[in-house]
Amino acid sequence: MKLKKYYPIFGLILAVIFIQLLVSGIGMQFYLTQLTMSAYYGIVIIGLSILMGYAGQISIGHAAFFAIGGYTTAALTTMNFAALTDVPIVNFLIKTGLTISGMDPYGKKIIYISPWLSLFIAVIITIFIAALIGVPILKLKGHYLAMATLGFGIIIYRIVLGTSIFGEADGISDVPTFKFLFNFKINSDPALRVENYYIAWLIVVISIFILTNLINSRVGRALRSLHGNEEAANSMGVNISRTKLLVFILSAVLASVAGVFMTHFNGGIGPAESGVMRSVRYVAIVAVGGMANLWGTLIMGIILNYLSLRGYFGSYDDAVFGIILIVIMLFAPDGIFKLKYCNNFIKLIKKTS
Amino acid sequence: MSFLEVKHLFRSFGGLQAVFDVSFTVKKGSIKAIIGPNGAGKTTLFNLISGVLKVDSGEILFNNVHLENLPPYKIAEMGISRTFQNVKLFNNMTVRENVMIGRHTRSKAGFFTGMFNLPWSWKEEEEILNKSEEILDLFHLEEVAHLYPDNLPFGKQRILEFARAMTMEPEIIILDEPAAGLNIHETEEMAELITKIRDWGVTVLIIEHDMSLIMDISDEILVLSYGKKIAEGTPEDIQKNDEVIKIYLGDDDA
Ligand SMILES: Nc1ncnc2c1ncn2[C@@H]1O[C@H](COP(=O)(O)OP(=O)(O)OP(=O)(O)O)[C@@H](O)[C@H]1O
Ligand SMILES: [Mg+2]
């Protein structure tokens, strides 16, 4: 087996450790919070890169899948089942250890669903919804697909905003800790910044490992080929609609899983996460990163989200991503890591001087 | 029982009868050419056989299995591969990867296997690579294997498309004007490759306007005009056929 394709992943792991040591070393631990959040957004980005860049299917509704994950886990883990212990299914969940019991700040007993179970349920719901909308809309191409996914994003946003169990405009807060493996905890406790940072990056590493494998596999070649030429791919034996649907679902699940973990990390989720501007931001970042470029999109995803989260774009946050999208489409449609336009620019200068 | 059998095939576009009551058979291991003037319905016929277009009526039987209206990928799975009149390559993948796609129907690794690079697929991946190298070698593409197809000269692009279709190890290969746009040397190379694969036992169905190439390599020729079959036979028969002569030289003495 060739290990060469994994070298960048080893590089990533080293960079993650280096940055943590550096940041902690200079006593700027609080940077880790935004780096953790950027990591979770990074998972959405690389999932979208597979869909848009490699398989050539645009989605301007990916924030919806992030929100589906986040809201599912937020709703399920903040619901108190203490009064419902007689209901057979609740009883069953308690007996099988799939619930967690505790006390609320007023000393009242609460029983809620284990985040592991809500993660699982979120993934199932995401697969179901992605398949349900994917089957009809993936028949569309180009602008039409863009509009259909945009429509889907708007629907989810309005549902979130209008439904009381999703907290309407306030969103859901007080989402409990997600007890990860080896008793590591995902929550917003500032004391646990380092461990949260590593958990988030571990999930990034796993995601990028999976996607690296995929694009170099038989199915990965098939999904790239349908981007290259659908008719030819079909004639070479690639089941176009099935392949598109599977990539769409995979990409949706990555966004959803990121949503679940981010929600536990932040201790809540609000409707902005499902907004159309969020989806546009993801698309913009995938475009800057070079579309069919896992590493390019991941790096840009981390940098731009980090800057945004630290507030460098001020109140023009969304506008910045809109501008990025326009500028990239005009001057570097292959992303900023392929600096063809730069060469052209240099040529131009040489000519005029 | 015939290897490939087309019976009373019809297909129209709006009011235009592109293929009208066409029937013929193809013998296993032979080279059969379809000729005819522009717009005769040759490409349409190929699109019907390869599933790109649906038939209006009629039957297409391959080893006695009905092909009509199956999706293209199913037809590919049955061992029929094709090239296109206007070359259709994957310009987002290297020449080598283009050829590797040719093994799609001959391998099985699925989504999960791919995502986790499961060990059982390693051997299959190796087999795909080996076969692709073999084909790249044979079609003299090994030096450009790392390039992207849109950087190749047109002749090489046609050869690559042919190579990709052959990597599948098809039973029948359908070639739509493989020599169109090629210079004399490239056409010669193409003719050599076509006869070479026939010698391996691959059946060839070919559309071509280059008459000397057609007369040279084909065992049987079918002539279409305005969607209808007007003649069928050996190259000698066709060269002597009055109606064919009229179509090709027609307008002068009309
Ligand atoms: N998808 C389509 N929609 C409408 N008309 C079509 C379509 N495909 C082919 N036609 C028409 O059907 C007729 C036959 O076309 P076809 O491409 O099969 O001809 P051909 O014999 O391959 O010609 P050429 O030698 O120019 O390639 C033409 O009149 C063409 O305009
Ligand atoms: Mg044609």
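Residues numbered from 1 in each chain as written. Chains lettered and ligands numbered in written order. Predicted model: local features only at pLDDT ≥ 70, side-chain atom pairs only at ≥ 80, totals over all residues. Heavy atoms only, no water.

Asks: Looking at this structure, how should I read the sheet that holds strand 2 (residues 16-26) of chain B?
Replies: Two modes of strand pairing occur in sheets, parallel and antiparallel, and in both the strands are linked by backbone hydrogen bonds. All names here are of chain B. The four strands are arranged 2-1-4-5 in an open sheet whose pairing can be described as antiparallel. Single-partner strands in this sheet number two, and they are strand 2 and strand 5 (65-66). Bridge count between strand 1 (residues 4-13) and strand 2: seven bridges; the pairing is antiparallel. Each bridged residue has a counterpart across the sheet, and for Arg11 the counterpart in strand 2 is Val19. Along the sheet, helix 1 (residues 42-49) contacts strand 1, strand 2 and strand 4 (57-62); its crossing angle with strand 2, the most-contacted strand, is approximately 65°. (Pairing = 2+ DSSP bridges. Helix = DSSP H or I, 4+ residues; strand = E, 2+ residues; numbered from the N terminus. Contact = heavy atoms within 4.5 Å. Axes fitted to C-alpha atoms, helices over the stretch in contact; angles between N-to-C directions.)

Asks: I keep staring at the packing of helix 5 (residues 115-137) of chain A against helix 6 (residues 142-162) of chain A and nothing clicks. Help me out?
Replies: Think of two packed helices as two axes; the pair is described by the angle between the axes and how far apart they sit. All names here are of chain A. Packing of helix 5 against helix 6 brings their axes to within 11 Å, and their N-to-C directions diverge by 150°. Between helix 5 and helix 6, the angle falls in the class roughly antiparallel. By crossing handedness, the relation of helix 5 to helix 6 is classed as right-handed. Contacts between helix 5 and helix 6 involve Ile129, Ile133 and Ile137 on the former and, on the latter, Leu145, Ala148, Thr149 and Phe152. For the contact of helix 5 with helix 6, a count of residues per class yields six nonpolar, one polar and no charged. (Parallel < 35°, antiparallel > 145°, perpendicular 65-115°, else oblique. Left-handed = near helix turned anticlockwise from the far one by under 90°. Nonpolar A, V, L, I, M, F, W, Y, C, P; charged D, E, K, R; others polar.)

Asks: Would you mind showing me how to read the site of ligand 1 here?
Replies: Residues and elements named next belong to chain B. In the region of ligand 1, 13 residues are neighbours, and Gly39, Lys42, Thr43, Thr44 and Gln85 sit closest. The separation between an oxygen atom of ligand 1 and a polar side-chain atom of Lys42 is 2.8 Å. In this structure, Gln85 approaches ligand 1 through a side-chain N or O atom, which is 2.7 Å from an oxygen atom. Here ligand 1, which alone exposes 630 Å², has 62% of that area covered by the protein. (Near = heavy atom within 4 Å. Polar contact = N/O pair within 3.5 Å; in protein donor to acceptor, adjacent residues only side chain to side chain. Areas by Shrake-Rupley, 256 points an atom, 1.4 Å probe, with all protein chains shown as cover.)

Asks: Explanation requested: helix 5 of chain A in the structure shown.
Replies: For helix 5 of chain A, with 23 residues, the first-to-last C-alpha span of 32 Å sits near the 33 Å given by 1.5 Å per residue. Turning to helix 5 of chain A, its buried residues number three or more, namely Pro115, Leu117, Ser118, Leu119, Ala122, Val123, Thr126, Ala130, Ile133, Gly134 and Ile137 of chain A. (Expected span 1.5 Å × (residues − 1). Buried < 20%, exposed > 50% of the residue type's maximum accessible area, 1.4 Å probe, protein only.)

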